[in-house]
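Each chain, letter by letter, is given below.
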Amino acid sequence: QVQLVESGGGLVQPGGSLRLSCAASGRIFTISVMGWYRQAPGKQRELVAVVTNRGSTNYGDSVQGRFTISRDNAENTVYLQMNSLQPEDTAVYYCNAAVYGSPGAGRGDYWGQGTQVTVSS
């Protein structure tokens, strides 16, 4: 099994910044993709940003230019630097990882427990 532990959420004023972290542990051979999704009350879960183990990134339209995703492959950790936060960024942010537990094994899709980000004055 694989566990994802998120940290770094909280309350911030509009225009402020936060940095989220997510560390994966357990039976891991390699992680092909790590990323962040978010879900606001009454809305569907949406893509925030993902990054491959080769460093390719993809961002949701609403965060492009404000958020930056990065990862440390050696530590199986992904980060999300969030700048210029706005009230509409308020949501529960979930970490996701596509994990191969051993060579030749199938891919497992894992989620963290979520961390609340609230942007309010």
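Nothing here was measured: the structure is a model prediction, and the numbers come from that model.

Q: Looking at this structure, I do not really get the pattern of salt bridges. What am I missing?
A: Pairing between side chains of opposite charge can happen when the charged atoms of each approach one another. Going through the model one piece at a time under the given rule, you end up with three salt bridges. Between D89 and R66 there is a salt bridge; the shortest N-O distance is 2.8 Å. In this pair, D89 is assigned in the loop between β8 (77-82) and β9 (91-100) and R66 in the loop between β6 (57-59) and β7 (67-72), connecting sequence segments 23 residues apart. The same class applies to D89 as to R66, namely buried. Connected through salt bridges with shared partners, the residues R38, E46, R66 and D89 form a single ionic network.

Q: Which parts of the structure should I look at to understand the packing of aromatic side chains?
A: Geometrically, a pair of aromatic rings is defined through the distance of the ring centres and the angle of the planes. Tallied over the full model, the rule gives one aromatic pair. Between the aromatic rings of Y37 and W111, the centroid separation amounts to 5.2 Å while the plane-to-plane angle is 65°, which identifies the pairing as edge-to-face. Of this pair, Y37 sits in strand β4 (residues 30-39) while W111 is found in strand β10 (residues 107-111), placing the two residues 74 residues apart along the sequence. The class for Y37 is partly exposed, based on a relative accessible area of 21%. Stacked on the ring of Y79, the Lys or Arg R19 has its end atom at 4.2 Å from the ring centre. Between the NZ or CZ atom of R45 and the centre of the ring of W111, over which it lies, the distance is 4.6 Å.

Q: Can you walk me through the pairing of β4 in this structure?
A: Consecutive side chains along a regular strand alternate between the two faces of the sheet. Bridging between β4 and β9 involves nine bridges; their strand directions are antiparallel. Pairing of Y37 across the sheet is with Y94, part of β9. Between β4 and strand β5 (residues 46-52), which pair antiparallel in sequence order, lie six residues; one of them, G42, sits at a positive phi of approximately 80°.

Q: Before we go on, may I ask you to explain the state of the cysteines in this structure?
A: Tallying each qualifying case throughout the model produces one disulfide. Across the disulfide from C22 sits C95; the S-S distance is 2.1 Å. On the S-S bond that ties C22 to C95, the torsion sits near -85°, and the link is left-handed. Separated by 73 residues along the polypeptide, C22 in strand β3 (residues 18-26) and C95 in strand β9 bring together distant segments of the chain. Its relative accessible area of 0% is what places C22 among the buried residues. Relative accessible area serves as the criterion here: at 0%, C95 is assigned to the buried category.

About the cut-offs
Residues numbered from 1 in each chain as written. Predicted model: local features only at pLDDT ≥ 70, side-chain atom pairs only at ≥ 80, totals over all residues. Heavy atoms only, no water. Salt bridge = Lys/Arg side-chain N within 4 Å of Asp/Glu carboxyl O. Helix = DSSP H or I, 4+ residues; strand = E, 2+ residues; numbered from the N terminus. Buried < 20%, exposed > 50% of the residue type's maximum accessible area, 1.4 Å probe, protein only. Phe/Tyr/Trp six-rings, centres within 6.5 Å; stacked < 30°, edge-to-face > 60°. Lys NZ or Arg CZ within 6 Å of the ring centre and 35° of its normal. Pairing = 2+ DSSP bridges. Disulfide = S-S within 2.5 Å.

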